[in-house]
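# Summary of the model geometry
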Amino acid sequence: MTSVRPKLKPETPKAVTGWSTATGRSLWLAVDGSWTEDASRLGVFAGDEAEARLAASLKQEGIVTDPYFMEVTADGRITGRESLRETMRAQPVLAYGGAA
Amino acid sequence: MYRYDQFDARLVAERVAQFRGQVARRLAGTLTEDEFKPLRLQNGVYLQLHAYMLRIAIPYGQLSPAQLRRLAEIARDYDRGFGHFTTRQNIQFNWVALKDIPDVLAKLAEVEMHAVQTSGNCIRNTTTDHFAGAAQDELLDPRAWCEIIRQWSTFHPEFAFLPRKFKIAVTAAEHDRAAIRVHDVGLHIRQKDGVTGFEVWVGGGQGRTPVIATLVNPFVPEAQILDYLEAIMRVYNRFGRRDNKYKARIKILVTELGEAEYIRQVEAEFAAQRDAEKINLPKAEVDRIHAYFAPPALAAKSESSKLFEAAKVADPAFARWTRTNLHPHKVAGYTSVTVSLKPLGVAPGDATDSQMEVVAGLSEKYGYGDIRVSHAQNLILPHIALDDVPDVYKALDAAGLGAANESRITDMIVCPGLDFCNLANARSIPVALEVQKVFADPAYEEDIGKLHINVSGCINACGHHHVGHIGILGVDKKGEEFYQILLGGRADEKAALGEIVGPGLKAEDVPGAIHRVVEFYRAQRTSPAEKFIDTLERLGHQPFQDALYAAG
Ligand code: HEM
Ligand code: SF4
């Protein structure tokens, strides 16, 4: 993908995010393994579990496109270098006239 | 008109069918994103921040009412009720689902539209003056040449895998409204001793390395222009840098070789073409294509219109709009109307489904079925009788399209930025809307006169910030948005690149800074006739920069 993907240390809390293959909407992996369009439901992972979750996501081509790690705090808030972009992805966006 | 012949129809239908199969395989997971990405890009489909985006070609920015109605229908049925007109004279839909895109492409094909050549390293949609065929100051209608270039370049086997994308623009008017000097190739139609030909500019561009094009040949006769373009493309194909995406545009080749050596190579390539391989475009063929663009049969009118004059006296808002949004037509009693897509508070270039339908209807009723998209992200009704202008204005105004701001400070070119774009560093739409608010009073805006503000959300420069009289560039500093201000750019026949004037500003400080610059201009201009850019060029950037950073 085009955006910069910061290298995250194994112990850094992270979420798995990508895009719905069918609609293109942003998705986050929830703790139960389902994909949600609601960023407040994202699962926080670290270490080997995080790696395993991403590896499994990468195999779900028809469901999620281009999954990657995104940095979050232990309680699931967006943080780190890409936080501006990730915050925009998680927000409702402009409709005609600038309304959300 | 753009001739979409049976050959095109079959090719496009095959393309849609092929893409439908590819999408089905992608949704089933049998095509990976890495495999699918080049295929979707060839069909105008991008994956953006929140959704897929579909970019649809509007050859030389020209639309029929049926086409605009179809775009309205797509906006309503597959998007969120609006579309976004871009500076490449195309339209983008920001919310279409991948699963629906084959259906959308099939619906577009029914009105002879497609998304071919809106992306990828090929020769893109050739753009031109949005007043083409109507403008009083044009030598001849440049659209025929855009069409000739389109026919020559579409699916041209040699040029499907260029080092990088390639954009051509054509103008036939002294005042360049097509920004030809910031295109890979810019063609200015000229006449010499009764022969039509082209001034050829090569290697302009924006992006991270902005360059003003080099004049490569002051006059190439029309019969030879395609052969000359082939020579330009061959030199580029052979020597353009494929090793580094950021150095792959033709502008880098021209800069690295130097003007003289580059010209020598093109001329050598042109001279080496064997007669048998020359296209030597026959005059009859040029005439045949010009005939497609025969002017509409405009009813005879007298020079002035009593109705028009009376309406101006009766309604000051209408009178103001006529001062800004009309452009002189070559036929007496007619004018070209700019439909501003920059009302206050709306993302620049956006139009709703119903607004598109209003414009389509006006074009049918008053405008000889001709609609254009301008690179400033507005719509144009090129042939409107002065007698009809009051009615056209009333209908536009009722639809929220009556803004009197063509080429004024609130008529900004703005890229989608971080509200939509995956490459963005900062938002551009909200900053533009905040700047607009400062200049919301129409009388104040009219007093300021012509002033172009262009806004991009990253160095790719889709919002043309390098060539705005004032440019605004969004940058990301450790997760926070900042905006660099540029001064002194212009995209016309005196094309120049703006200069970054100092440290970036926070979003909330941008409107005040722009306001101070504009007030400084108003205080310094010799008369209201001296435009912002002229005062800036007369005084130099420093005093404007001082005003910009003066404590607000
Ligand atoms: C939202 C999705 C978009 C993406 C991903 C995108 C991507 C890019 C990239 C990567 C470049 C730089 C290319 C280079 O320097 O080689 C570029 C340039 C450009 N884009 Fe976009 N763009 C987008 C939207 C737009 C829109 C909405 C417009 C019109 C308003 C636009 C008009 C342009 C123009 C005029 C250039 C400059 C061409 C030049 O280098 O001379 N783009 N775009
Ligand atoms: S200038 Fe940057 S932010 Fe704006 S549309 Fe282009 S790539 Fe996106």
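Residues numbered from 1 in each chain as written. Chains lettered and ligands numbered in written order. Predicted model: local features only at pLDDT ≥ 70, side-chain atom pairs only at ≥ 80, totals over all residues. Heavy atoms only, no water.

A few words on the overall build of chain B. Across its full length, chain B holds 18 helices and 21 strands. Here the C-alpha radius of gyration of chain B, 23 Å, is about what a compact globule of 552 residues would show, namely 24 Å. For the C-alpha atoms alone, the extent of chain B along its principal axes is close to 60 × 60 × 60 Å. Residues counted as buried form 61% of the 552 residues belonging to chain B. Taking contacts inside chain B between residues at least 6 apart in sequence as the whole, the part at least 24 apart equals 67%. Separation between the mean location of the 64 positive side-chain charges and that of the 70 negative ones in chain B comes to 3 Å. (Helix = DSSP H or I, 4+ residues; strand = E, 2+ residues; numbered from the N terminus. Rg over C-alpha atoms; globule rule 2.2 N^0.38 Å. Buried < 20%, exposed > 50% of the residue type's maximum accessible area, 1.4 Å probe, protein only. Contact = heavy atoms within 4.5 Å. Lys, Arg positive; Asp, Glu negative; His and termini not counted. Charge placed at Lys NZ, Arg CZ, Asp CG, Glu CD.)

Our focus in this paragraph is the domain arrangement of chain B. Residues and elements named next belong to chain B. For chain B, the assigned domains are domain 1 (6–110), domain 2 (142–292), domain 3 (306–398) and domain 4 (413–549). In this structure, domain 3 and domain 4 have C-alpha centres spaced 26 Å apart. In this assembly, 12 residues from domain 3 lie in contact with 10 residues from domain 4. Looking at the side of domain 3 facing domain 4, the largest losses of area belong to Arg320, Leu344 and Pro348, adding up to 45% of the total buried there. (Domains from an automatic or database assignment. Buried area = accessible area lost by both parts, 1.4 Å probe.)

Coordination of the iron atom of ligand 1 by the protein involves just one donor, Cys462(B) (SG), at a distance of 2.2 Å. Looking at the secondary structure, you find Cys462(B) in the loop between strand E17 (453–456) and strand E18 (470–477). (Donors = N, O, S within 2.8 Å, 3.2 Å for Na, K, Ca; no water.)

Below, the discussion takes up the interface of chain B and chain A. The interface is formed by 39 residues belonging to chain B together with 27 residues belonging to chain A. For the chain B and chain A pair, buried surface summed over both sides reaches about 2800 Å², with 61% attributable to carbon and sulfur atoms. Contact with chain A buries area across many residues of chain B, yet Leu49(B), His50(B) and Asn422(B) alone supply 20% of it, more than any other trio. Put simply, chain B and chain A have 1 salt bridge between them. Between Arg26(B) and Glu61(A) there is a salt bridge, with the nearest N and O atoms lying 2.6 Å from each other. Our enumeration of links across chain B and chain A arrives at 12 residue pairs in polar contact (both at pLDDT 80 or more). Breaking the side of chain B that touches chain A down by element, the ones donating at least two residues are helix H1 (6–28), strand E13 (350–352) and strand E19 (480–487) of chain B. Grouping the constituent residues of the side of chain B that touches chain A by class yields 19 nonpolar, 10 polar and 10 charged. (Salt bridge = Lys/Arg side-chain N within 4 Å of Asp/Glu carboxyl O. Polar contact = N/O pair within 3.5 Å; in protein donor to acceptor, adjacent residues only side chain to side chain. Nonpolar A, V, L, I, M, F, W, Y, C, P; charged D, E, K, R; others polar.)

All right, on to the site of ligand 2 then. Ligand 2 sits among Cys415(B), Pro416(B), Gly417(B), Cys421(B), Leu423(B), Ala424(B), Ser456(B), Gly457(B), Cys458(B), Asn460(B), Ala461(B) and Cys462(B). By residue class, the composition of the shell around ligand 2 is 8 nonpolar, 4 polar and no charged. (Near = heavy atom within 4 Å.)

This part takes up the site of ligand 1. All names here are of chain B. In the region of ligand 1, 21 residues are neighbours, and Thr86, Thr87, Gln206, Arg249 and Cys462 sit closest. Here Gln206 contributes a backbone N or O atom positioned 3.0 Å from an oxygen atom of ligand 1. For the shell around ligand 1, the class distribution of residues is 5 nonpolar, 10 polar and 6 charged.

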